[in-house]
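Report on the structure
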Amino acid sequence: MRKITFIFTMAAMFAISSSYSQDGNTINDPIDLDGSTTTPDLLNLGPATNSGLEPLCSTAPDIFFKHTISTGDNKFVFEIRTTAVAVSATSSFQLLKATNGDLNTLQESYCANYTVESGVGGISQGIIENVTQGDVYYLRVFKPTGLTDAQLRALAEASTISMVSSYDSTLSIESPDHNSFKIIVKPNSITFYNNTDYRNFSINAIDGKQVMSKNNNETLKSIDISSLDRGVYILTVENNGAFQARKFVKN
């Protein structure tokens, strides 16, 4: 398992002037979290710019982080966490995947907001199961708006990001307790078993285009997929900032 955790240096990324391209400003030059990088050099990050990369889930300036799934790993987890700080802020983040690291196959896995409450902090965690070694995941973090430089720096000092791939032996065991819930896909529906947490969902086609989404007041029991064409899709379920993604086939 490889894990790198570092101070989320938003203030440095967005406030320091520089006349040359720096790590993280584009998807071709991301901050690498595969074990070769510890704490980013704040002086070399420069200001964030709007990369314009599509698909977009925000038009704000963005920074890219990268993690490659290691040999033997089958589970990927990322987390954004902020401890209590006297700042309230909302920004967006986006998770993208490139099969075998090929950017021509880039597709969106998830797009969501990250909220920090003053005096409380914030956390968002994502889990993707049955990942493939060699695939590359990019975490794209967008600059929060409406904050002063001092507030950005305070937010940076209180925030961390981690991206981890590991081997989970339970993913190869058929069990009712399999990672908290199971799904059964039928021609016109998805049925959930042992789901005690997740209420909201989105479904994306394999090219990253979102085809369905819904927020619910109760935990998910089933989803009607009769309107979907046959093909491969990504189901993402979410509740209170935590989410999981599952690939399924509509026959």
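In this report, we go over the structure that sits alongside the text. Remember, predicted model here, so these are calculated numbers, not experimental data.

Here we take up the pairing of strand 5 (residues 89-98). Across the 10 residues that make up strand 5, a large majority, nine, are buried. Here nine bridges tie strand 5 to strand 6 (residues 107-116), and the two strands are oriented antiparallel to one another. The partner of threonine 90 across the bridge, within strand 6, is threonine 115. Sheet analysis places strand 5 next to strand 8 (residues 136-142), joined by six bridges and oriented antiparallel. By the bridge assignment for strand 8, lysine 97 is matched with tyrosine 137.

The next thing to look at is the packing of aromatic side chains. Both the distance between ring centres and the angle between the ring planes are used here to describe each pair of aromatic rings. Going through the model one piece at a time under the given rule, you end up with four aromatic pairs. Each ring, one from phenylalanine 76 and one from phenylalanine 78, has its centre 6.3 Å from the other, and the planes form 35 degrees; the classification is tilted. Taking relative accessible area as the criterion, phenylalanine 76 reaches 0% and is therefore assigned buried. Ring geometry for phenylalanine 76 versus tyrosine 137: centroids 4.7 Å apart, planes at 15 degrees, classification stacked. Placement of the pair is phenylalanine 76 in strand 4 (residues 75-82) and tyrosine 137 in strand 8, with a sequence separation of 61 residues. Accessibility classification places phenylalanine 76 together with tyrosine 137 in one group, the buried group. Of the aromatic side chains, those joined through ring pairs into one cluster are Phe76, Phe78, Phe93 and Tyr137.

Below, the discussion takes up the sheet that holds strand 2 (residues 31-32). Neighbouring strands of a sheet are bound in pairs by backbone hydrogen bonds; such pairs are parallel or else antiparallel. An order of 2-3-8-5-6 is seen for the five strands of this open sheet, with the pairing classed as mixed. Every interior strand has two partners, whereas the edge strands, strand 2 and strand 6, have only one.

The next subject is the nonpolar core. Counting 31 residues, the largest nonpolar core has Phe65, Phe76, Phe78, Phe93, Leu95, Leu139 and Met163 as the members making the most contacts within it. Broken down by secondary-structure element, the contributors of at least two residues to this core are strand 3 (62-68), strand 4, strand 5, strand 6, strand 8, helix 2 (149-157), strand 9 (159-166) and strand 16 (242-250). The greatest single-element share of this core, amounting to four residues, is contributed by strand 6. Each of domain 1 (31-166) and domain 2 (182-250) contributes no fewer than three residues to this core. Excluding anything up to four places from it in sequence, leucine 95 contacts Phe76, Phe78, Gln107, Glu108, Ser109, Tyr110, Ile128, Tyr137, Tyr138 and Leu139. Within the second largest apolar cluster, 17 residues are counted, among which are Met212, Leu220, Ile225 and Leu228.

So, how was this worked out
Residues numbered from 1 in each chain as written. Predicted model: local features only at pLDDT ≥ 70, side-chain atom pairs only at ≥ 80, totals over all residues. Heavy atoms only, no water. Buried < 20%, exposed > 50% of the residue type's maximum accessible area, 1.4 Å probe, protein only. Helix = DSSP H or I, 4+ residues; strand = E, 2+ residues; numbered from the N terminus. Pairing = 2+ DSSP bridges. Phe/Tyr/Trp six-rings, centres within 6.5 Å; stacked < 30°, edge-to-face > 60°. Core = buried A, V, L, I, M, F, W, Y, C linked by side-chain atoms within 4.5 Å. Domains from an automatic or database assignment. Contact = heavy atoms within 4.5 Å.

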